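# Understanding the architecture of this molecule
Now for the letters of each chain:
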Amino acid sequence: MIDNVALHARSADTTGATHSGRDALLRVENLSIRFDGAPPDVNVVDDVTLSVAKGKTLCLVGESGCGKSVTALSLMGLLPTPPARIVGGSAYFGGKDLFRMSEREKADMRGNQTAMIFQEPMTSLNPVFTVGDQIVEGILRHRKVSKSEARERALEMLRRVRIPAPEKRMQAYPHEMSGGMRQRIMIAMALANGPELLIADEPTTALDVTIQAQIISLIRQLQDESGMAMILITHDLGVVAEIADEVAVMYAGKIVEAGSVDKIFMDPQHPYTIGLMGSVPSIGRRQGKLATIRGTVPPAELMPKGCRFMPRCPFADVRCVTDPPPLAEITPGHSARCWYAPLEIHRGGVA
Amino acid sequence: MLRYIAKRILIAIPTILIVSVLVFTLQQLLPGDPVLTLAGEERDPQVLAFLREKYRLDDPIPVQYFAWFSQVLQGNLGISLRTDIPVLHLILSKLPVTIELAIFAMVIALAIGIPAGVIAAVRKGTSVDYAANVIALSGLSIPNFWLGILLIMLVSVRWKLLPASGFVPPSEDLWLNIKTMLMPAFVLGTGLSASLMRHTRSAMLGVLRSDYIRTAKAKGLLSHVVIMKHALRNALVPIITLSTLLFGELLAGAVLTEQIFTIPGFGKLIVDAVFNRDYAVVQGVVLCTAVGFIAMNLLADVLYVLANPRLRHAR
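Residues numbered from 1 in each chain as written. Chains lettered and ligands numbered in written order. Predicted model: local features only at pLDDT ≥ 70, side-chain atom pairs only at ≥ 80, totals over all residues.

### Let's talk about the overall build of chain B
- The secondary structure content of chain B amounts to 14 helices and zero strands.
- Listing the helices and strands of chain B from first to last along the sequence gives α-α-α-α-α-α-α-α-α-α-α-α-α-α.
- Judged by the C-alpha coordinates and their principal axes, chain B covers about 85 × 55 × 35 Å.
- Buried residues in chain B amount to 37% of all 315 residues. (Helix = DSSP H or I, 4+ residues; strand = E, 2+ residues; numbered from the N terminus. Buried ≥ 20, exposed ≤ 12 C-beta atoms within 10 Å, placed from the backbone.)

### A short note on the overall build of chain A
- Helix and strand counts for chain A come out as 13 helices and twelve strands.
- A burial count over chain A gives 47% of its 351 residues as buried.

### Overview of the confidence of the model for chain B
All names here are of chain B.
- Taken over all residues, the pLDDT of chain B has a mean of 85, while the share at 70 or more is 98%.
- Looking at the elements of chain B, mean pLDDT is at its lowest for helix H14 (residues 309–314), recorded as 69, and at its highest for helix H9 (residues 211–218), recorded as 92.
- Interface scoring of the predicted complex returns ipTM 0.83; its pTM is 0.79. (pLDDT = per-residue confidence, 0-100.)

### As for the sheet that holds strand E8 (residues 229–234) of chain A
All names here are of chain A.
- Strand order in the open sheet formed by eight strands is E6-E7-E8-E3-E9-E10-E12-E11, and the pairing between neighbours is mixed. Here the strands that pair on one side only, and so sit at the sheet edges, are strand E6 (114–117) and strand E11 (328–331). Strand-to-strand twist across the sheet, computed as the mean angle between neighbouring axes with direction ignored, equals 20 degrees.
- Across five bridges, the pairing between strand E3 (residues 57–61) and E8 is parallel. Residue pairing in the sheet places Val-61 in a bridge with Thr-234 of E8.
- Helix-sheet contacts for helix H11 (residues 271–278) involve E3, strand E9 (246–251) and strand E10 (254–260), and the interaxial angle to E9 is about 105 degrees. (Pairing = 2+ DSSP bridges. Axes fitted to C-alpha atoms, helices over the stretch in contact; angles between N-to-C directions. Contact = placed C-beta atoms within 7 Å.)

### Overview of the sheet that holds strand E2 (residues 45–53) of chain A
Residues and elements named next belong to chain A.
- Across the sheet, four strands lie side by side as E2-E1-E4-E5; this open sheet has antiparallel pairing. Sheet topology places E2 and strand E5 (96–97) at the edges, where each strand pairs with a single neighbour.
- One ladder, built from six bridges, connects strand E1 (residues 24–35) with E2; its direction is antiparallel. Residue pairing across strands places Arg-27 opposite Ser-51, the latter belonging to E2.
- Taken strand by strand, helix H2 (residues 68–76) contacts E1, E2 and strand E4 (84–93), and its axis lies near 115 degrees from that of E1.

### Details of the interface of chain A and chain B
- Contact residues are listed per partner, giving 24 residues for chain A and 17 residues for chain B.
- At the level of elements, helix H3 (103–109), E6 and helix H4 (131–142) of chain A are the ones that each hand at least two residues to the side of chain A that touches chain B.
- Examining the composition of the side of chain A that touches chain B, we find that four residues originate from one element, H4(A), more than from any other.
- Its residues assigned to classes, the side of chain A that touches chain B shows eleven nonpolar, eight polar and five charged. (Nonpolar A, V, L, I, M, F, W, Y, C, P; charged D, E, K, R; others polar.)

### Some remarks on the nonpolar core
- Judged by nonpolar contacts, the single largest core of 169 residues is most densely connected at Ala188(A), Val240(A), Val247(A) and Val249(A).
- With 15 residues, the single largest contributor to this core is helix H5 (residues 87–122) of chain B.
- Contacts of Val247(A), omitting those with residues within four sequence positions, involve Cys59(A), Val61(A), Val240(A), Ala258(A), Gly259(A), Val261(A) and Ile264(A). (Core = buried A, V, L, I, M, F, W, Y, C linked by C-beta atoms within 7 Å.)

### Describing the environment of Gly67(A)
- Checked against the element boundaries, Gly67(A) lands in the loop between E3 and H2.
- Residue contacts for Gly67(A): discarding those within four places in its chain leaves Val44(A), Val45(A), Met250(A) and Gly253(A).

### Re helix H7 (residues 179–191) of chain A
All names here are of chain A.
- Between the first and last C-alpha of H7 there are 18 Å, a value that for 13 residues agrees with the 18 Å anticipated at 1.5 Å per step.
- The buried count for H7 comes to eleven of 13 residues, which makes it a mostly enclosed element.
- Where H7 is buried, its residues meet E6, H4, helix H5 (147–160), strand E7 (197–201) and helix H8 (209–226). (Expected span 1.5 Å × (residues − 1).)

### Here we look at the pairing of E3(A)
All names here are of chain A.
- With five of five residues buried, E3 lies mostly within the body of the structure.
- Of the two faces of E3, the one holding Thr-57, Cys-59 and Val-61 and the one holding Leu-58 and Leu-60 are both buried throughout.
- Examined bridge by bridge, E3 and E9 share four bridges and lie parallel to one another. Each residue of the ladder has a partner; that of Cys-59, found in E9, is Val-247.

### A word on unusual backbone geometry
Residue and element names in this part refer to chain A.
- The phi dihedral of Arg-162 is positive, around 60 degrees, even though this residue is not glycine.
- Along the chain, Arg-162 falls in the loop between H5 and helix H6 (166–169).
- With 13 C-beta atoms packed within 10 Å, Arg-162 lands in the partly exposed category.
- For Glu-202, which is not glycine, the phi torsion reads 45 degrees and is therefore positive.
- Relative to the helices and strands, Glu-202 is located in the loop between E7 and H8.

### Describing the packing of helix H10 (residues 223–251) of chain B against helix H13 (residues 279–307) of chain B
Residues and elements named next belong to chain B.
- At a minimum axis separation of 9 Å, H10 and H13 run at an interaxial angle of 170 degrees. With respect to their mutual orientation, H10 and H13 come out roughly antiparallel. In this structure, H10 contributes Leu-236, Val-237, Ile-240, Thr-241, Thr-244, Leu-245, Phe-247, Gly-248 and Leu-251 to the contact, and H13 contributes Thr-289, Gly-292, Phe-293, Met-296, Asn-297, Leu-299, Ala-300, Leu-303, Tyr-304 and Ala-307.
- Classifying every residue of the contact of H10 with H13 by side-chain character gives 13 nonpolar, six polar and no charged. (Parallel < 35°, antiparallel > 145°, perpendicular 65-115°, else oblique.)

### Some thoughts on the pairing of E1(A)
- Bridging between E1(A) and E4(A) involves eight bridges; their strand directions are antiparallel. When the sheet's bridge partners are listed, Ile33(A) is paired in E4(A) with Ile86(A).

### A closer look at the confidence of the model for chain A
- Per-residue pLDDT for chain A has a mean of 83; in total, 88% of the residues score no lower than 70.
- Low pLDDT, under 50, characterises residues 1–21 of chain A; the stretch is placed with 37 contacts to residues that sit more than four places away or in other chains.

### Observations concerning the environment of Ala254(B)
- When you line up the elements, Ala254(B) lands in the loop between H10 and helix H11 (255–260).
- Among the residues examined, Ala254(B) registers 28 C-beta atoms within 10 Å and is labelled buried.

### Observations concerning the packing of H5(B) against H10(B)
All names here are of chain B.
- Their axes nearest at 10 Å, the elements H5 and H10 cross at an angle of 145 degrees. Where H5 crosses over H10, the two elements pack in a sense that is right-handed. Contacts between H5 and H10 involve Thr-98, Ile-99, Ala-102, Ala-105, Met-106, Leu-110, Ile-114, Val-118 and Val-122 from the former and Ile-227, Leu-232, Ile-239, Ser-243, Phe-247, Leu-250 and Leu-251 from the latter.
- Class assignment of the residues belonging to the contact of H5 with H10 gives a composition of 14 nonpolar, two polar and no charged. (Left-handed = near helix turned anticlockwise from the far one by under 90°.)

### As for the environment of His230(B)
- With respect to the helices and strands, His230(B) occurs in helix H10.
- Along the backbone, His230(B) and Tyr212(B) are 18 residues apart, and their C-alpha atoms lie at a distance of 8.2 Å.
- Setting aside chain neighbours within four positions, we find His230(B) in contact with Asn126(A), Tyr212(B), Ile213(B) and Ala216(B).

Set out below in structure tokens:
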């Protein structure tokens, strides 16, 4: 299944920092987000609770449209409202509730204590300004420094994200750069003010495979250097195994399983997580067909009343149809949203 | 960049040639005989024949065209049949008036149109947006002459704030010159501001949805910086082009507006010339405005490339 070396790469420092940790840098509790026009009672993000400790990495995993990006954007205050509305929950970052801040306070925090990089490096930079100016602008916004000091800092950031010939690149426009280079610029821009938390929303999805590995290892290296915490949104389980401390698996707007990376990979409990693991191709000898999860995520208007994964679940029964399961702790720091977790006990040997 | 401009100029040359042919031949289709107009009450066939001979009106049309165009190339646009003043002289005396009016009108149009478009886009779907759209639609549908007459009645006749008509050169009395220009420029400018507003609004709406606007917000930039710097700078690219073309149209003279406010600009010159069958003047003025319009097109192309770094390097 997953390459064991990668799996244990970070297991040494995955102590503490559970999803309910008290000393968390970011603590999101019972977050629910609705889109106007969606059927009542169907939230695009529903009752999401997660936390990230200082310097740690939380990976948010799930298929497209499951609410990962919406969650991330809401934490940054970048969710367009309307149509989106935060209908419940709180998000404490360093003691302050992100959802009760004024617009000004949010703007002061963005790009300063919190920063975000996005999925589409090709369109995320403003085409009419040089990349140097775009980085400098972010520094001048939050730091009381002179223009030349800001330029110096921007240049240093370009060096740190390993842009060749950084002095020359300061004057370049985004269209003169490749996707990988532009994502490095985005990273430089995000980290220029030394944020405590970086949210990376599928930062490598739009890039070539060879570039993907470079960008991920760059992000990890920068994180080690700066000690910032990170929420990495991805559906690349190889990356998760390599980089995560904690993992939260989302399905149709809900967290279906959360725990340390070891627990999630060695002892997955939710049928959806197990299915995801089965969908990862391995490099070793082929053993039969690549497993897939049958069916697709139901659209909002057809969302089941009980467990949202029920229509696709091989273990579903009557109870799953009628009652939505809670996110229940299975072992300390490991919880799953399934009536039958742990599956070994309820269903005998599986997976 | 220079090569690009040179290329555009080369492309403009055949356009001007075609325009000159069109101007010359279309005018032949105008009803009426210039000689009869010239001779006035005098209908002596000998006088008429003399006049025809003098202005070579009996030559075949292609011959007339080449005679005229070869003179044009030497900078001689001919002599007004009516007033015996060289056409070039007439044009040069009216051009500053038209240019001044055009600049005034454009400034007013930009000052109203762009801010209104930006506000409508940012407040999309609110009452502000609807109000701006309704006003713009009225601006587009209210005819200039009606607004002009209304303004004269209110501002000049009733309130006696501004002179109703006439023109004073700025060299004579700058303040009075501005006062006479204000109303006609306002009439022209509001009409243009409506289309500028609608273009600004739609360009801004497109830009505000872009990923780089989200990035600008993610940097913590305040919303006025995001809108005025990051969004507007991108939305301006198509607006610059539109403004330049609108300015080109203004240069062609605002016939009705100039008539109403009796401003001695291009519009008035050409209307008088058409009524008087003053061929040389009509040809000269139309050719001149065509060249002006082509020049504005060229300027629009150049500004478009300058405003857009992606094109600047590609050329």
